[in-house]
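What the coordinates show
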Amino acid sequence: MAKRESSFINMVLTLVLVTGIAAAVLGFVYDFTKGPIEVAKLKAQTEAIKTVLPEFDELGETMVLSPGEGQDSLEFFPAYKNGELVGTAIKTYTKSGFSGFISIMAGIDKDGNFSGYSVLEHAETPGLGSKMGVWFSNPEKPNQYVIGKNPETTNFTVSKDGGDIDAITASTISSRAFLDALTRAYSTYKNNKTTGDSGQ
């Protein structure tokens, strides 16, 4: 009996020791990789801003604006060329994707139309919802093309719901979510433009 108790105590001590070592290693790896991950995210964000806007030579001060009460804020990046505003990049999101959260950098030009977009983060189904990165930017398919349009002149809901935009084939939920993120960006842009806070 004493031998059995001794073996049990040894097993518990070994388990505690292994768990402690594993936790310490995970903590070290997290601290070690945290910096490079943040640098990579910042680089991706900077590249996305360049992709979604007309050519610019200077970014203005980043603004954080709320789309509405109880909603997460959006980041606004006004861009200028020779001192004149050429557009605003907006880091927007939706939580209604097929797999939840989607983050998008959307560009709005000085005329108030979408000038481009870049999907920053998503967990949508590969080959289906993941196509949003290219589906809505194909000029050869005008019914799914969102560039040069805005939700005031075009109904930014999928055609299945009575809107003007064709959904990704077999991926209506992801398409709705994508358009929700763009509409959120545009609405926040317009609401803050009228109050003079969106860099316009």
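The structure presented is a predicted model; accordingly, all values stated were derived computationally and were not measured.

1. A short note on a nonpolar patch on the surface
On the surface, Phe8, Ile9, Met11, Val12, Leu13 and Val16 cluster together into a nonpolar patch covering about 620 Å² of accessible area. Structurally, valine 16 is set in helix H1 (residues 2-52).

2. Things to note about the UniProt feature "domain: FMN-binding" (unreviewed entry) in the protein chain
Here the UniProt feature "domain: FMN-binding" (unreviewed entry) sits at residues 97-189. Each end of residues 97-189 is marked by a C-alpha atom, and these two atoms are 22 Å apart; helix forms 24% of the span and strand 20%.

3. Quick word on the environment of alanine 170
By the secondary structure assignment, alanine 170 is in the loop between helix H2 (132-135) and helix H3 (172-193). Given a relative accessible area of 66%, alanine 170 falls into the exposed group. Considered as a pair, alanine 170 and glycine 127 are 43 residues apart in the sequence and their alpha carbons are 10.0 Å apart.

4. Some points on the pairing of strand E4 (residues 84-97)
Taking burial as the measure, the 14 residues of E4 include 10 buried ones, the bulk of the element. Of the strand pairs in this sheet, strand E3 (residues 74-81) and E4 are connected by 7 bridges, and their pairing is antiparallel. Counterpart to phenylalanine 77 in the pairing with E4 is alanine 89. Between E3 and E4, which pair antiparallel one after the other, the connecting turn spans 2 residues, and asparagine 82 there sits at a positive phi close to 55°. In this structure, E4 lies alongside strand E5 (residues 100-109), joined through 9 bridges in antiparallel fashion. The residue bridging threonine 88 from the neighbouring strand is isoleucine 108, located in E5. Between E4 and E5, which follow one another and run antiparallel, lie 2 residues.

5. Observations concerning the UniProt feature "modified residue: FMN phosphoryl threonine" (unreviewed entry) in the protein chain
Mapped onto this numbering, the UniProt entry annotates "modified residue: FMN phosphoryl threonine" (unreviewed entry) at Thr172. Note that threonine 172 resides in helix H3. Beyond its immediate sequence surroundings of up to four residues, threonine 172 is in contact with Val158, Lys160 and Ala167.

6. Observations concerning the environment of alanine 106
Turning to its location among the elements, alanine 106 is positioned in strand E5. Spatially, the C-alpha atoms of alanine 106 and threonine 88 are 8.3 Å apart, while their sequence positions differ by 18 residues. Setting aside residues up to four positions removed in sequence, alanine 106 forms contacts with Val52, Thr88, Ala89, Ile90, Phe114, Gly116 and Tyr117.

Procedures and definitions
Residues numbered from 1 in each chain as written. Predicted model: local features only at pLDDT ≥ 70, side-chain atom pairs only at ≥ 80, totals over all residues. Heavy atoms only, no water. Patch = residues over 30% accessible without salt bridge, like charges linked within 9 Å, V, L, I, M, F, W, Y side chains within 5 Å. Areas by Shrake-Rupley, 256 points an atom, 1.4 Å probe, with all protein chains shown as cover. Salt bridge = Lys/Arg side-chain N within 4 Å of Asp/Glu carboxyl O. Helix = DSSP H or I, 4+ residues; strand = E, 2+ residues; numbered from the N terminus. UniProt positions renumbered as here; feature names shortened; annotations may be inferred. Buried < 20%, exposed > 50% of the residue type's maximum accessible area, 1.4 Å probe, protein only. Pairing = 2+ DSSP bridges. Contact = heavy atoms within 4.5 Å.

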